[in-house]
Amino acid sequence: VTGNSGSSIVISSISSSSRDPDMRNCNSLEEMVPMAYAHVESMSPRGLSAFWTLTSKFLRQTPNTRNPLQTSQMEHQLQTILAHTQKAIQSSAFGYRDLATTSLGLAKIVKLVRRGGRSKPRQILRDLLLGNAANGGLTKTHTLFRSIATASIPIRQDFDARSLSNLIYAFGVVECVPMFEDDGSTFFEILAAEAVMKLEDFRPQELSNLLWAYTKDDAPLSAGLFRLVADHITDHSTLKAYNGQDLANIVWAYATAKESHPKLFQKIAHHIVTLPPNQLNSFNGQDFANIVWSYATAREPSPELFKTVADHVAARGNHALKAFNPQNLANTVWAYATAKESHPKLFQKMASHIARLDNLDAFNSQALANILWAYATSQESSTELFGRVGRHIIALDSLEGFTPQALSITAWAYATSRQSSPLLFEKLSGAAIRRQYEFTSQNIGNFLWSYATNGQMDERLFASFAPSVSALLGSCNNQELTKIAWAYAVVNVPAPSLFDDTFLRACLKKEEEYTREELGQLHRWSVWQEGLESGYRLPSSLREKCSAAATSRVSEPSSLQANSAMPELSDIIGIAFDDSSPFAVENDQTVR
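As the structure is a computational prediction, the values presented were derived from the model and not from experiment.

A.B. asks: I tried to follow the overall build of the chain on my own but got confused; where do I start?
C.D. replies: On a plain count of helices and strands, the chain comes out with 29 helices and two strands. When the 592 residues of the chain are sorted by exposure, 56% land in the buried category.

In structure tokens form, the structure reads like this:
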């Protein structure tokens, strides 16, 4: 291994009796790095693992500007220490505990530098750990962690529960699951067998870290591990040893991995419901948000759990809500709306809290859209909330951060809640026109329906979207077709390039799938086309069905009635969270 200076790094004999520098009194990386570098050839695995653990700690602090190292000097020293560490790992000098501690320290460093930051140490470590390796196109992180995995497999039976949990958690953090052995088994599959044999030795947090990591692996053996861990937890008579974060992380892992285990969810729900208020006070905003999000996502009904959480948060008011970050707030109301669990007081408290914040800059587009979606879906009217969010979006310099789905959901929520905001719709329209070719048929159907429903007669928007709709006709389902047709009829934009024989064939193809509501919407379009004398008419069989559906309805809704074309919300809005979203487990309690 060669450093920047071109000199070869020589690894001397390393043993537990080697003398390590005392880094405990260092106050910064600028102090610790030169000290470790000066002793690097005599440092033991225990000393090297301590160095990387402390490095992850110091990266969270403000850099020391009193005694700064030159960038080239720090880069060379860190590269030398990293090279020495990797060579020692490859030479089998590290025992199980040092491998686990080193991997965890390095994983936390990778997590921090991935987030960015302008400090010199972060920039140096980002280059050292996230750049591409010289071989195979792998990142340096994956090359390094593969070395750790290779060293761990021969001694995997030596790992105790804590070290095994920390090792697996570290690989989950860096999202690296190397593949080994002739049958293509992954590192996680190999370690799962060890974990199963030691389940009785795992403490609650170690179990939650283990499960969190295995959400990164979809191997068949992972499913077996989830089942065995759930059986292990439910077989215990009490969950007193589990704190709020443990419980939240466990149900989050099962919901995220789509591993069903009703008995586990029931046991955890019963435990939380029976906790006294003083113990519920130990749960933070992320714990509550992840718990209700998990039950909603896993479709595990628990009205008592939802009521207990809502009652507790609402009773504590602003004091409790200060512990909720924007993603926590969004996930919480999303969960109640998705699970169809009504709690007006909680929604009122959260709406007031959000509306009265100094600013909404910390809310990303997905969080804002999901909050609005939840209030519209739950039919919880909050003019204060919608007004504040609308003004925030209008004031933004650009809506580049809004995905087509976020644009669509936002417009849909205002239309469904009968919240009028012409300036907001104008802003959304401009962004949508610029990005229309990124919209799916679902996005377009919801977006255009929202404008027609809200009385926003934006002819430019509808004319601009006609080519995009034409290109997606083949992927439109019956609901999307009828909503688009209805919306164009209401806004009265003829769009002859869209409504032609191809459109008629698409409508006829779905003839046996339309609901009565959809046939009524299509009737509105058919009558409109006749008035335009466009020459395009639905086939007689379908036209008769549409007419019958329209005349059988008690009353014809106006274009301003939000329910006039509203399908099941679970069908039109697909809320999807990726692993980078803030609700993903933030667990820095692993190192003790």
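Still more ground to cover, so stick around.
A.B. asks: When you look at helix H14 (residues 285-297) in this model, what are you seeing that I'm missing?
C.D. replies: Because each turn of an α-helix spans 3.6 residues, side chains separated by three or four positions in sequence point in the same direction. With 13 residues, H14 extends 18 Å between its outermost C-alpha atoms, agreeing within 8% with the 18 Å of an ideal straight helix rising 1.5 Å per residue. The element H14 is largely enclosed, with a buried count of 12 among its 13 residues. Considered for burial, the residues of H14 that qualify are Gly 285, Gln 286, Asp 287, Phe 288, Ala 289, Asn 290, Ile 291, Val 292, Trp 293, Ser 294, Tyr 295 and Ala 296. At the N-terminal end of H14, a side-chain oxygen is found 3.1 Å from the backbone nitrogen of Gln 286, two or three residues along, and the residue is Asn 284. Looking at the residues trailing H14, positive phi occurs at Arg 299, about 55°.

A.B. asks: So what exactly am I meant to see when it comes to the side chain of Lys 198 here?
C.D. replies: Its location among the elements puts Lys 198 in the loop between helix H8 (187-197) and helix H9 (204-214). A polar side-chain atom of Lys 198 sits 2.4 Å from the main-chain carbonyl oxygen of Phe 159. The residues touching Lys 198, leaving out its near neighbours within four places in the chain, are Arg 156, Gln 157, Asp 158, Phe 159 and Ala 161.

A.B. asks: What am I meant to see in helix H27 (residues 516-532) here?
C.D. replies: Taking 1.5 Å of rise per residue, 17 residues should cover 24 Å, and H27 covers 24 Å from first to last C-alpha, within 8% of that figure. All buried positions along H27 are accounted for by Glu 518, Leu 519, Gly 520, Gln 521, Leu 522, Trp 525, Ser 526, Trp 528 and Gln 529. Here the buried face of H27 lies against helix H25 (478-491), helix H26 (501-509) and helix H28 (540-552). Looking one or two residues beyond H27, the residue adopting positive phi is Glu 533, at roughly 55°.

A.B. asks: What am I meant to see in the pattern of salt bridges here?
C.D. replies: Between side chains of opposite charge, pairing is possible as soon as their charged atoms come close. Counting across every chain of the model gives 12 salt bridges. The partner of Arg 156 in a salt bridge is Glu 194, and the shortest N-O contact between them spans 4.0 Å. With Arg 156 in the loop between helix H6 (140-152) and helix H7 (161-173) and Glu 194 in helix H8, this residue pair connects regions lying 38 residues apart in the sequence. Exposure remark for Glu 194: the relative accessible area of 5% places this residue in the buried category. A salt bridge links Lys 545 to Glu 512; the nearest nitrogen and oxygen atoms lie 3.3 Å apart. Linking Lys 545 in helix H28 with Glu 512 in the loop between H26 and H27, this pair joins segments that are 33 residues apart in sequence. Members of the salt-bridge network, linked through shared partners, are Arg 156, Glu 194 and Lys 198.

So, how was this worked out
- All residue numbers refer to positions counted from 1 along the written sequence of the respective chain.
- Local features are withheld for residues below a pLDDT of 70 in this predicted model, meaning they are given only at 70 or higher, and side-chain atom pairs are given and counted only at 80 or more; totals for whole chains, interfaces and linings count all residues.
- Processing note: side-chain calculations cover all non-hydrogen atoms of the structure and skip hydrogens and water entirely.
- Helical segments are the DSSP runs of H or I of at least four residues, strand segments are the runs of E of at least two, and each set is numbered from the N terminus.
- Each residue gets one of three labels from its accessible area relative to the maximum for its type: buried under 20%, exposed over 50%, partly exposed in between, using a 1.4 Å probe on protein chains only.
- One fewer than the residue count of a helix, multiplied by 1.5 Å, yields its expected span.
- In protein, a polar contact requires one atom able to donate a hydrogen and another able to accept it; more generally it is a pair of N or O atoms within 3.5 Å, and residues adjacent in sequence count only if both atoms are side-chain atoms.
- Note on contacts: a residue pair is in contact if any heavy atoms of the two residues lie within 4.5 Å.
- Should a side-chain nitrogen of Lys or Arg be within 4 Å of a carboxyl oxygen of Asp or Glu, the pair is scored as a salt bridge.

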